[in-house]
Amino acid sequence: MANRSTRRGSGPSGSGQTGPVQAIAEPEVRRWPHPIPQSCAPAAEDAAVHYIRCALSYQNELLSEIKTLLEKLAADREEAPAPLDKPDRPG
């Protein structure tokens, strides 16, 4: 279905008037070959890559927890009343 045409004015409204026919161009559909050949399949991970991936995942979790705690501290600091400024003592 490359082009569709629509008519305005005809239908349940009962007006009976038809307007200009408008053509709607649809984008071309491209399909990838399927299934992917086995030669393109990702190679099995070796132990070093797996270890690095796990370590990075753990670090990301820790950073996320640190971020949450810092945001909580910042929110608590905003809610707390400001400390009174002490006048400077002449020295």
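Residues numbered from 1 in each chain as written. Predicted model: local features only at pLDDT ≥ 70, side-chain atom pairs only at ≥ 80, totals over all residues. Heavy atoms only, no water.

Participant: Could you give me a rundown of the overall build of the chain, with the residues and numbers involved?
Facilitator: Within the chain, the regular secondary structure consists of one helix and two strands. From first element to last, N terminus to C terminus, the chain shows the α and β order β-β-α. Within the span of the chain, comprising 91 residues, buried residues form 0% of the whole. Summed over its atoms, the accessible surface of the chain is roughly 9,600 Å², and 58% of this surface lies on carbon and sulfur atoms. (Helix = DSSP H or I, 4+ residues; strand = E, 2+ residues; numbered from the N terminus. Buried < 20%, exposed > 50% of the residue type's maximum accessible area, 1.4 Å probe, protein only. Areas by Shrake-Rupley, 256 points an atom, 1.4 Å probe, with all protein chains shown as cover.)

Participant: I'd like to hear about a nonpolar patch on the surface, residue by residue, with values.
Facilitator: A contiguous nonpolar surface patch, about 420 Å² in accessible area, is contributed by Leu-63, Ile-66, Leu-70 and Leu-73. Looking at where Leu-73 falls in the secondary structure, it is placed in helix H1 (residues 47-79). (Patch = residues over 30% accessible without salt bridge, like charges linked within 9 Å, V, L, I, M, F, W, Y side chains within 5 Å. Salt bridge = Lys/Arg side-chain N within 4 Å of Asp/Glu carboxyl O.)

Participant: Break down the confidence of the model for the chain for me, with residues and values.
Facilitator: A low pLDDT means the predicted coordinates there should not be read in detail. On average, residues of the chain score 74 in pLDDT, and 53% of them are at 70 or above. Mean pLDDT in the chain bottoms out at strand S1 (residues 3-6), which sits at 51, and peaks at H1, which reaches 93. (pLDDT = per-residue confidence, 0-100.)

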